[in-house]
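A structural walkthrough
Single-letter residue listing:
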Amino acid sequence: IAGCRVSDGTIIRNAGARLIRNGVVVYTSKISSLKRFNDDAREVKNGFECGIMLDRFNDIKEGDVIETFKMVEEKVKLD
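Small disclaimer: the values here were computed from a predicted structure and weren't measured.

A word on unusual backbone geometry. Of note in the backbone geometry, N14 takes a positive phi value of approximately 70 degrees without being a glycine. A positive phi is found at F37, a non-glycine position, where the angle reads about 55 degrees. Relative accessible area serves as the criterion here: at 67%, F37 is assigned to the exposed category.

Here it is as structure tokens:
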């Protein structure tokens, strides 16, 4: 589990995540665990600390950036 501080926005459990190391995307997956004070959290907002575990990835190092995202699928409208 990586100890993190949310610097911008909100982190939501089960969101997609990219691990960025030295400006290069190293790994892309989902967040498998999001904790706040040893309790499971649904979301963590800007300025708070949390623990994040990525699905099937354990090589997180100091200075890495975890960027989260949400995939939205929209239907195409035909006129």
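This part takes up the packing of aromatic side chains. Under the defined criterion, the tally for this structure stands at 1 aromatic pair. Note on Y27 and F57: the rings are 4.5 Å apart at their centroids and 15 degrees apart in plane angle, and the pair reads as stacked. Linking Y27 in strand β4 (residues 24-36) with F57 in the loop between β7 (49-54) and β8 (65-69), this pair joins segments that are 30 residues apart in sequence. The class of Y27 is partly exposed, set by a relative accessible area of 22%. Residue F57 is classed as buried on the basis of its relative accessible area of 15%.

Our next topic: the layout of surface pockets. Quantified by volume, the largest pocket comes out at close to 380 Å³. Surrounding the largest pocket, 19 residues form its lining, R5, S7, I11, V65 and I66 being those nearest its centre. Every element with two or more residues in the lining of the largest pocket is listed here: β1 (2-5), β2 (10-12) and β8. The residue makeup of the lining of the largest pocket, split by class, is 8 nonpolar, 6 polar and 5 charged.

This next bit is on the pattern of salt bridges. When their charged atoms lie close together, side chains carrying opposite charge are able to pair. What the rule picks out here adds up to 6 salt bridges. Among the ionic pairs, R18 bridges to E67, the shortest N-O distance being 2.7 Å. Residue R18 is found in strand β3 (residues 16-21), and its partner E67 is found in strand β8; the two are separated by 49 residues along the sequence. You can call R18 partly exposed: its relative accessible area is 27%.

Following the criterion strictly, the structure yields 0 disulfides and no others. C50 forms no disulfide, and the closest cysteine sulfur to it belongs to C4, at a distance of 5.2 Å. We classify C50 as buried; its relative accessible area is 8%.

The next subject is the side chain of S29. Inspection of the secondary structure puts S29 in strand β4. Relative accessible area serves as the criterion here: at 13%, S29 is assigned to the buried category. When neighbours within four sequence positions are excluded, S29 is seen to be in contact with A15, G16, A17, L54 and D55.

Quick notes on the rules
Residues numbered from 1 in each chain as written. Predicted model: local features only at pLDDT ≥ 70, side-chain atom pairs only at ≥ 80, totals over all residues. Heavy atoms only, no water. Buried < 20%, exposed > 50% of the residue type's maximum accessible area, 1.4 Å probe, protein only. Phe/Tyr/Trp six-rings, centres within 6.5 Å; stacked < 30°, edge-to-face > 60°. Helix = DSSP H or I, 4+ residues; strand = E, 2+ residues; numbered from the N terminus. 1 Å grid on protein atoms, 1.4 Å probe; cavity = no way out; pocket = protein on both sides within 12 Å on 5 of 7 lines; lining within 4 Å. Points joined across faces, edges and corners; volume = space filled by probe spheres on them. Nonpolar A, V, L, I, M, F, W, Y, C, P; charged D, E, K, R; others polar. Salt bridge = Lys/Arg side-chain N within 4 Å of Asp/Glu carboxyl O. Disulfide = S-S within 2.5 Å. Contact = heavy atoms within 4.5 Å.

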